[in-house]
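# Summary of the model geometry
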2 protein chains.
Amino acid sequence: MIKVVAKSVIKKDCLEKYNSLVTELIEETRKEKGNVSYELYQDINNPCILTFIEEWSDEESLNLHLQSIHFTTIVPKLGLLRENESEINIYRLIR
Amino acid sequence: MIKVVAKSVIKKDCLEKYNSLVTELIEETRKEKGNVSYELYQDINNPCILTFIEEWSDEESLNLHLQSIHFTTIVPKLGLLRENESEINIYRLIR
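What you see is a predicted model, and the numbers here were worked out from it, not measured in a lab.

## Regarding the nonpolar core
Across soluble globular proteins, nonpolar side chains have a tendency to be buried as a group. Residue and element names in this part refer to chain A. Ile 10, Tyr 18, Val 22 and Phe 52 are the most contacted members of the largest nonpolar core, which totals 21 residues. Of all the elements in the fold, those that place two or more residues in this core are strand S1 (2-9), helix H1 (15-31), strand S2 (35-43), strand S3 (49-56) and helix H3 (69-79). Broken down by element, this core gets its largest block of residues, five residues, from H1. Residues in contact with Ile 10, not counting those within four places in the same chain, are Leu 15, Tyr 18, Cys 48, Leu 50, Leu 81, Arg 82 and Glu 83.

## Remarks on the pairing of S1(A)
Side-chain direction in a regular strand flips from residue to residue, so the side chains alternate between the two faces of the sheet. All names here are of chain A. Burial of S1 is extensive: seven of the eight residues sit out of reach of the surface. Across eight bridges, S1 lies against S3 in antiparallel orientation. Within S3, the position partnered with Val 9 by the bridge is Ile 49. Where S1 and strand S4 (residues 87-93) come together, five bridges link them in antiparallel fashion. Looking at S4, one finds that Val 5 is bridged to Asn 89.

Basis of the calculations
- Residues numbered from 1 in each chain as written.
- Chains lettered and ligands numbered in written order.
- Predicted model: local features only at pLDDT ≥ 70, side-chain atom pairs only at ≥ 80, totals over all residues.
- Heavy atoms only, no water.
- Core = buried A, V, L, I, M, F, W, Y, C linked by side-chain atoms within 4.5 Å.
- Buried < 20%, exposed > 50% of the residue type's maximum accessible area, 1.4 Å probe, protein only.
- Helix = DSSP H or I, 4+ residues; strand = E, 2+ residues; numbered from the N terminus.
- Contact = heavy atoms within 4.5 Å.
- Pairing = 2+ DSSP bridges.

Right under this line is the structure:
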(Lines give C-alpha, C1' and ligand atoms only; values in the text may rest on other atoms or scores of the structure.)
Protein backbone atom coordinates (compact mmCIF):
# COMPACT_ATOMS: atom_id res chain seq x y z
CA MET A 1 0.00 0.00 0.00
CA ILE A 2 1.21 3.45 -0.95
CA LYS A 3 -0.02 6.64 0.71
CA VAL A 4 0.29 10.05 -0.91
CA VAL A 5 -0.08 13.36 0.88
CA ALA A 6 -0.28 16.27 -1.56
CA LYS A 7 -0.60 19.58 0.28
CA SER A 8 -1.44 22.81 -1.55
CA VAL A 9 -2.00 26.40 -0.51
CA ILE A 10 -4.76 27.81 -2.69
CA LYS A 11 -5.13 31.51 -3.48
CA LYS A 12 -7.97 32.80 -1.33
CA ASP A 13 -10.03 34.05 -4.28
CA CYS A 14 -9.56 30.76 -6.17
CA LEU A 15 -11.01 28.33 -3.60
CA GLU A 16 -14.39 28.10 -5.33
CA LYS A 17 -12.86 27.50 -8.76
CA TYR A 18 -10.47 24.93 -7.28
CA ASN A 19 -13.38 23.10 -5.67
CA SER A 20 -15.29 22.87 -8.94
CA LEU A 21 -12.23 21.84 -10.98
CA VAL A 22 -11.32 18.94 -8.65
CA THR A 23 -14.74 17.32 -8.96
CA GLU A 24 -13.94 15.55 -12.22
CA LEU A 25 -10.42 14.69 -11.04
CA ILE A 26 -11.83 13.03 -7.91
CA GLU A 27 -14.60 11.18 -9.75
CA GLU A 28 -12.28 9.81 -12.44
CA THR A 29 -9.47 8.93 -10.03
CA ARG A 30 -11.76 6.92 -7.77
CA LYS A 31 -12.63 4.75 -10.78
CA GLU A 32 -8.99 3.88 -11.43
CA LYS A 33 -7.70 0.35 -10.86
CA GLY A 34 -5.51 0.32 -7.76
CA ASN A 35 -7.00 3.42 -6.19
CA VAL A 36 -8.00 2.58 -2.62
CA SER A 37 -8.98 6.06 -1.49
CA TYR A 38 -8.69 9.60 -2.83
CA GLU A 39 -9.83 12.22 -0.37
CA LEU A 40 -9.54 16.01 -0.16
CA TYR A 41 -9.03 17.61 3.24
CA GLN A 42 -9.10 21.20 4.43
CA ASP A 43 -6.96 22.52 7.26
CA ILE A 44 -9.24 23.54 10.13
CA ASN A 45 -6.97 26.49 10.97
CA ASN A 46 -6.36 27.70 7.42
CA PRO A 47 -9.09 27.09 4.80
CA CYS A 48 -6.60 27.86 1.99
CA ILE A 49 -4.65 24.67 2.78
CA LEU A 50 -6.23 21.83 0.80
CA THR A 51 -4.58 18.44 0.90
CA PHE A 52 -5.20 15.25 -1.01
CA ILE A 53 -4.60 12.13 1.05
CA GLU A 54 -4.57 9.17 -1.26
CA GLU A 55 -4.11 5.42 -0.95
CA TRP A 56 -2.92 3.24 -3.83
CA SER A 57 -2.51 -0.54 -3.86
CA ASP A 58 1.00 -0.16 -5.35
CA GLU A 59 3.41 2.29 -7.00
CA GLU A 60 2.45 1.05 -10.45
CA SER A 61 -1.16 2.17 -9.96
CA LEU A 62 0.04 5.56 -8.76
CA ASN A 63 2.32 5.96 -11.78
CA LEU A 64 -0.53 5.09 -14.14
CA HIS A 65 -2.64 7.72 -12.36
CA LEU A 66 0.04 10.36 -12.94
CA GLN A 67 -0.15 9.61 -16.68
CA SER A 68 -3.96 9.50 -16.88
CA ILE A 69 -5.86 11.98 -19.06
CA HIS A 70 -7.80 13.47 -16.15
CA PHE A 71 -4.59 14.00 -14.14
CA THR A 72 -2.54 15.46 -16.98
CA THR A 73 -5.31 17.82 -18.07
CA ILE A 74 -6.80 18.96 -14.74
CA VAL A 75 -3.78 19.16 -12.42
CA PRO A 76 -1.97 21.84 -14.49
CA LYS A 77 -5.14 23.99 -14.28
CA LEU A 78 -5.21 23.49 -10.50
CA GLY A 79 -1.60 24.62 -10.45
CA LEU A 80 -2.63 28.10 -11.62
CA LEU A 81 -4.83 28.45 -8.52
CA ARG A 82 -2.08 27.65 -5.99
CA GLU A 83 0.13 30.09 -4.09
CA ASN A 84 3.16 27.85 -4.62
CA GLU A 85 4.24 24.35 -5.60
CA SER A 86 2.36 21.49 -3.93
CA GLU A 87 4.25 19.64 -1.22
CA ILE A 88 4.00 15.98 -2.18
CA ASN A 89 5.17 13.03 -0.14
CA ILE A 90 4.82 9.38 -1.10
CA TYR A 91 4.78 7.14 1.93
CA ARG A 92 4.81 3.56 3.02
CA LEU A 93 3.45 2.45 6.40
CA ILE A 94 6.14 1.47 8.92
CA ARG A 95 4.35 1.37 12.28
CA MET B 1 -13.67 12.95 12.13
CA ILE B 2 -10.41 14.83 12.47
CA LYS B 3 -7.28 13.90 10.54
CA VAL B 4 -3.80 14.98 11.63
CA VAL B 5 -0.70 14.90 9.44
CA ALA B 6 2.45 15.52 11.48
CA LYS B 7 5.54 15.48 9.26
CA SER B 8 9.04 15.42 10.70
CA VAL B 9 12.53 15.33 9.24
CA ILE B 10 14.66 13.15 11.52
CA LYS B 11 18.43 13.49 11.83
CA LYS B 12 19.95 10.62 9.87
CA ASP B 13 21.87 9.21 12.84
CA CYS B 14 18.79 9.41 15.09
CA LEU B 15 16.38 7.25 13.08
CA GLU B 16 16.95 4.14 15.19
CA LYS B 17 16.48 6.02 18.47
CA TYR B 18 13.38 7.72 17.09
CA ASN B 19 11.93 4.36 16.09
CA SER B 20 12.43 2.91 19.57
CA LEU B 21 11.10 6.02 21.36
CA VAL B 22 7.85 6.12 19.36
CA THR B 23 6.89 2.56 20.28
CA GLU B 24 5.39 3.51 23.64
CA LEU B 25 3.80 6.65 22.18
CA ILE B 26 2.07 4.57 19.50
CA GLU B 27 0.95 1.82 21.90
CA GLU B 28 -0.48 4.24 24.46
CA THR B 29 -2.11 6.51 21.87
CA ARG B 30 -3.92 3.64 20.20
CA LYS B 31 -5.55 2.86 23.57
CA GLU B 32 -6.97 6.37 23.89
CA LYS B 33 -10.71 6.97 23.68
CA GLY B 34 -11.49 8.69 20.38
CA ASN B 35 -8.37 7.51 18.57
CA VAL B 36 -9.45 5.91 15.30
CA SER B 37 -5.99 5.35 13.82
CA TYR B 38 -2.43 6.38 14.62
CA GLU B 39 0.05 5.36 11.97
CA LEU B 40 3.68 6.21 11.20
CA TYR B 41 4.76 6.51 7.58
CA GLN B 42 8.15 6.85 5.94
CA ASP B 43 8.73 8.77 2.72
CA ILE B 44 9.79 6.31 0.02
CA ASN B 45 12.17 8.89 -1.49
CA ASN B 46 13.67 10.17 1.78
CA PRO B 47 13.86 7.77 4.77
CA CYS B 48 14.49 10.70 7.13
CA ILE B 49 10.94 11.98 6.56
CA LEU B 50 8.68 10.26 9.09
CA THR B 51 5.05 11.32 9.25
CA PHE B 52 2.27 10.46 11.64
CA ILE B 53 -1.13 10.26 9.95
CA GLU B 54 -3.77 10.14 12.65
CA GLU B 55 -7.54 9.94 12.81
CA TRP B 56 -9.56 11.15 15.80
CA SER B 57 -13.30 10.94 16.32
CA ASP B 58 -13.39 14.63 17.31
CA GLU B 59 -11.24 17.62 18.32
CA GLU B 60 -11.87 16.95 22.00
CA SER B 61 -10.21 13.52 21.78
CA LEU B 62 -7.24 15.09 19.99
CA ASN B 63 -6.91 17.79 22.65
CA LEU B 64 -6.98 15.19 25.43
CA HIS B 65 -4.24 13.31 23.56
CA LEU B 66 -2.06 16.43 23.45
CA GLN B 67 -2.34 16.64 27.27
CA SER B 68 -1.74 12.93 27.91
CA ILE B 69 1.27 11.76 29.94
CA HIS B 70 2.73 9.71 27.09
CA PHE B 71 2.43 12.64 24.66
CA THR B 72 3.84 15.29 27.02
CA THR B 73 6.77 13.12 28.10
CA ILE B 74 7.76 11.38 24.84
CA VAL B 75 7.15 14.04 22.17
CA PRO B 76 9.69 16.53 23.63
CA LYS B 77 12.32 13.74 23.50
CA LEU B 78 11.42 13.09 19.85
CA GLY B 79 11.87 16.79 19.23
CA LEU B 80 15.59 16.50 20.02
CA LEU B 81 15.96 13.98 17.19
CA ARG B 82 14.41 16.20 14.48
CA GLU B 83 16.17 18.49 12.02
CA ASN B 84 13.51 21.17 12.50
CA GLU B 85 10.01 21.79 13.81
CA SER B 86 7.36 19.26 12.78
CA GLU B 87 4.90 20.44 10.14
CA ILE B 88 1.48 19.73 11.63
CA ASN B 89 -1.84 20.13 9.89
CA ILE B 90 -5.24 19.32 11.37
CA TYR B 91 -7.78 18.51 8.71
CA ARG B 92 -11.42 17.79 8.14
CA LEU B 93 -12.63 15.84 5.12
CA ILE B 94 -14.35 17.96 2.46
CA ARG B 95 -14.50 15.74 -0.60
